[in-house]
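# Fold and geometry: a report
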Amino acid sequence: MLVVNKVSHRFSKNVALNDISFECKAGEVTCLIGHSGCGKTTLLRLMAGLLPLQSGEIALNGSTLASPLVMVPPELRSVGMVFQEGALFPHMSVIDNVAFGLRQNGAKERAREWLARVGLSDYAERYPDSLSGGQRQRVALARAMAPEPAVLLFDEPYANLDIPLRRTLRKDARQIIRETGAVGVFVTHDPDEVLAMGDNVVVLDQGVMVESGTPQTLYEAPTSRYTAELFGNAQMLEGVIHDDGITSPLGEWDRNVLTDPTIANGPVTLIVDANQLMLETDSEGPQITHIDSIGGLNRVTVKHGLEGTSQDFECPRDLSADIVVGSCVRVTPKLGTVFAAEASTD
C-alpha cells in the first residue's frame, strides 16, 4: 500500500499542494484528477522522488519513501513511471529501452517477455522513431514494468492518442496492474478516463483534495460543486429551494431529488447529469420546440407559455414515442441525483 499523509508543497510563494492525505491499494488504480495546475503532476513527482518532500510523508508498505528528513533516491523506491510522451531513448532499440535499468543477468530475456506481454515481440530490434504513438507507449509500459516495481505511476500517458487506441491501452495497463499486484497511480484531466480506469479517485483543485471515493460514488453522489461539474454531462440550472420543494427552469421538483435534501432554502445552482433526467407528457408542462440528437443524448428546447422564456437541456435519447416537438412535458430528475450549490453572489 502506498500512503500519502499530510503532504504539502510550495513553489516559492505558490501553494501547489495543501495537506493531502489518501491511500492507494496494491492491485488497484487510483486516479488523480483535476484541471491543469491543480497539483496532480507535482504529487506524482513527489511519489517518484523527482522532487524533495517539504511537508508530510509518503510511505510504501510501512517504509518511508519521503519526508522532510528522508529522501529515498528514485532508483531505490521500486517505482516505475510512464510519461506522457513515453520518454524512450531514441538511440536505443526497443528491446534495449525495455532492458534499460535491469541489472540482473538475463535482462534481454526479461525484456523480451514484457514485449510479448504488450504485443510487441516483432518490434524488438526497431527504434522508437519507427513506431506509432501507441506502440511507443506500449514500450514505455513494458520498460516501467520490467523491473517489477511495487508502484507504477502514469503521467497522462495517453492524452495525445486517438480515442480507440486510448481505450485499448487503458485496458491493458489496468489488467497488468491487477495481475502483478502493483500499486497504480494514474494522473488525468479526463473524467471518462477515470470512470474507465480507476478503482478509486482523488479529486484535486488548486492544490486541495476536494473529495475522494470510487468513480461511481463520485459520479452518482458528489459532495462538492467541483466534482458535480466534472463527471457526466452536467446540466446547470439556476433555481430556488423552498420549504415545499425546488423551483427550477424546468418545473417544480421535490426535495428528494437532491443529493442532500436538508440543504437550506434559498437561490442555488442545480447540477444534474443529463442521463438522470426523465421526461413524460404533461398538459400543464412546458412545450417542446426543438429536439436535436447529439451522440447518446438529445438536446431539447422547451418554452413556458406563448410568451414565456425558452430553456435548453440535454436528456437521454430513449424518449417515449409520444414525446415529440409540440408535446407538453414534465421534466424531473431521478431521486438523489441533483447537487445544489449556493448561487454565486457576483
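What you see is a predicted model; the values in this text were computed from it and never measured.

Counting secondary structure elements, the protein contains 8 helices and 20 strands. Based on the C-alpha atoms only, the size of the protein along its principal axes is roughly 80 × 45 × 30 Å. In the protein, which comprises 346 residues, the share counted as buried stands at 47%. Summing over all exposed atoms, the protein offers an accessible surface of approximately 16,800 Å²; the carbon and sulfur share of this is 48%.

Turning next to the side chain of Glu 314. Residue position: Glu 314 is located in strand S18 (residues 310-316). Polar side-chain contacts of Glu 314 include one of 3.5 Å to the side chain of Arg 299. Excluding residues that lie within four positions of it along the chain, Glu 314 makes contacts with Asn 233, Gln 235, Ala 274, Leu 277, Ile 294, Leu 297, Asn 298 and Arg 299.

This part takes up the nonpolar core. Ranked by size, the top nonpolar core spans 42 residues in total, and within it Val 98, Leu 141, Leu 152 and Phe 154 carry the most contacts. The greatest single-element share of this core, amounting to 6 residues, is contributed by helix H4 (residues 133-145). Beyond its immediate stretch of four places on either side in the chain, Leu 141 contacts Val 82, Val 118, Leu 152, Phe 154, Ala 173 and Ile 176.

Right, let's get into the sheet that holds strand S20 (residues 339-342). Sheet architecture is open: 5 strands sit in the order S13-S12-S11-S14-S20, paired in antiparallel fashion. Strand pairing shows two members of the sheet lacking a second neighbour, strand S13 (251-253) and S20, which therefore form its edges. Sheet twist, expressed as the mean angle between neighbouring strand axes with direction ignored, is 35°.

The subject of this paragraph is the sheet that holds strand S5 (residues 63-66). Strand order in this open sheet of 4 strands is S2-S1-S4-S5, and the pairing throughout is antiparallel. On the outer flanks of this sheet lie strand S2 (14-24) and S5, each paired with one strand and no other. Shown here is a sheet whose adjacent strand axes are inclined to one another by a mean of 30°, direction ignored. As paired elements, strand S1 (residues 2-11) and strand S4 (residues 55-60) share 5 bridges and run antiparallel to each other. Bridging from a neighbouring strand, Val 3 pairs with Ala 59 of S4. Relative to the sheet, helix H1 (residues 40-48) contacts S1, S2 and S4, its axis offset from that of S1 by approximately 120°.

Analysis parameters
Residues numbered from 1 in each chain as written. Predicted model: local features only at pLDDT ≥ 70, side-chain atom pairs only at ≥ 80, totals over all residues. Heavy atoms only, no water. Helix = DSSP H or I, 4+ residues; strand = E, 2+ residues; numbered from the N terminus. Buried < 20%, exposed > 50% of the residue type's maximum accessible area, 1.4 Å probe, protein only. Areas by Shrake-Rupley, 256 points an atom, 1.4 Å probe, with all protein chains shown as cover. Polar contact = N/O pair within 3.5 Å; in protein donor to acceptor, adjacent residues only side chain to side chain. Contact = heavy atoms within 4.5 Å. Core = buried A, V, L, I, M, F, W, Y, C linked by side-chain atoms within 4.5 Å. Pairing = 2+ DSSP bridges. Axes fitted to C-alpha atoms, helices over the stretch in contact; angles between N-to-C directions.

In short, shape yes, function no, at least from these values alone.
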